[in-house]
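# Survey of secondary and tertiary structure
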Amino acid sequence: MTDDTERRTQTTQLYERLRTSILTLELLPGQSLAERGLETRFEASRTPVRAALVRLEAEGLVRRDGRSFAVAPIDLGEIGQLAEYREAVETAAVRLAVQRASDDDLDALADELTSMAEANAAGDSMRAGDSVQAGGDFHSRLAQLAGNPFFSTAVASSLRRLERTRWLEASSADSREHARDEHLRILAAVRARDADLAAALIAEHIRGTHERLREALSSDEWRRAHAVP
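Cut-offs used in this document
- Residues numbered from 1 in each chain as written.
- Predicted model: local features only at pLDDT ≥ 70, side-chain atom pairs only at ≥ 80, totals over all residues.
- Heavy atoms only, no water.
- pLDDT = per-residue confidence, 0-100.
- Helix = DSSP H or I, 4+ residues; strand = E, 2+ residues; numbered from the N terminus.
- Core = buried A, V, L, I, M, F, W, Y, C linked by side-chain atoms within 4.5 Å.
- Buried < 20%, exposed > 50% of the residue type's maximum accessible area, 1.4 Å probe, protein only.
- Contact = heavy atoms within 4.5 Å.
- Axes fitted to C-alpha atoms, helices over the stretch in contact; angles between N-to-C directions.
- Parallel < 35°, antiparallel > 145°, perpendicular 65-115°, else oblique.
- Left-handed = near helix turned anticlockwise from the far one by under 90°.
- Nonpolar A, V, L, I, M, F, W, Y, C, P; charged D, E, K, R; others polar.
- Expected span 1.5 Å × (residues − 1).
- Salt bridge = Lys/Arg side-chain N within 4 Å of Asp/Glu carboxyl O.

### Details of the confidence of the model for the protein
With 86% of its residues at a pLDDT of 70 or more, the protein has an overall mean of 85. Helix 4 (residues 76-100) holds the highest mean pLDDT among the elements of the protein, 96, whereas helix 11 (residues 220-225) holds the lowest, 53.

Quick look at the structure:
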């Protein structure tokens, strides 16, 4: 393995470990991420550490703190703006998906959602990380079925920015089940080729998810437990 390949591999591994630690709140909002401390903690050299931090900064998970970095705070204002943006983009995308998606594509998506619901009913509970991935895949797939790559890029980017808060919501089994039920209703409307209903359901889903998350993040109990100012 060449030095460049080894550095790229180390950067990817370090990025994934840091990202998971931030998403699961092992590393808390505002926590310092000194490069030398990370080098020691993860037994990595400075170049991969810096590259991983820059990549996480681009995703909004870390920010510059003087000459160092820190875990980015959970910004309720940004979360609200992203909810508005998602509603505008995803309602437009689902209307196009109603017109353009093939029956085979919609059947495949329905099979995936049904399989997840059956697994959950059988007691094979989905982990938070898997639920976040599955939920993101559903929204991304719908956007792709609109047949316009700008929609799918916008949805993927928004979900990436929201991933930490989506992990928080998915930590509840009730929330995971609620999201799956709403996804099934949205897909049923698309398969029925009812653009108005599909758009209304996806808007309701995004608003409801945001409101539940906003209430949870605004609670004094949550903020004290996670050292959020």
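Alright, that's what it looks like, and here's the rest.
### As for the nonpolar core
If you look at the biggest cluster of nonpolar residues, it comprises 23 residues, and the most contacted ones within it are Val94, Phe138, Leu142, Leu187 and Val190. Among the secondary structure elements, those contributing two or more residues to this core are helix 4, helix 5 (103-121), helix 6 (128-144), helix 9 (173-191) and helix 10 (195-218). In contact with Leu142, not counting residues within four places along its chain, are Val94, Ala97, Leu109, Ile186, Val190 and Ile202. Grouped together as the second largest cluster of nonpolar side chains are 21 residues, Tyr15, Ala44, Ala52 and Val132 included.

### Quick look at the packing of helix 4 against helix 10
Closest axis-to-axis distance for the helix 4/helix 10 pair is 8 Å, and the angle between their directions is 165°. Judged by the angle between their axes, helix 4 and helix 10 are roughly antiparallel. Between helix 4 and helix 10 lies a crossing whose hand is right-handed. Across the interface between the two elements, Leu76, Ile79, Gly80, Ala83, Arg86, Glu87, Glu90, Thr91, Val94, Arg95 and Val98 from helix 4 touch Ala195, Asp196, Ala198, Ala199, Ile202, Ala203, Ile206, Arg207, His210, Leu213, Leu217 and Ser218 from helix 10. The residue makeup of the contact of helix 4 with helix 10, split by class, is 13 nonpolar, four polar and six charged.

### Let's talk about helix 9
Spanning 19 residues, helix 9 covers 27 Å between terminal C-alpha atoms, matching the ideal 27 Å at 1.5 Å per step. All of the buried residues in helix 9 are Ser175, Arg176, Arg180, Glu182, His183, Ile186, Leu187, Ala189 and Val190. Trailing helix 9 by a residue or two, Arg193 shows a phi angle of about 60°, which is positive.

### Here's the deal with the pattern of salt bridges
For the structure on display, the rule yields 17 salt bridges. The salt bridge partner of Glu163 is Arg160, with a shortest N-O separation of 3.8 Å. Among the residues examined, Glu163 registers a relative accessible area of 12% and is labelled buried. Given a relative accessible area of 35%, Arg160 falls into the partly exposed group. Overlapping salt bridges bring together Arg19, Glu59, Arg160 and Glu163 as one network.

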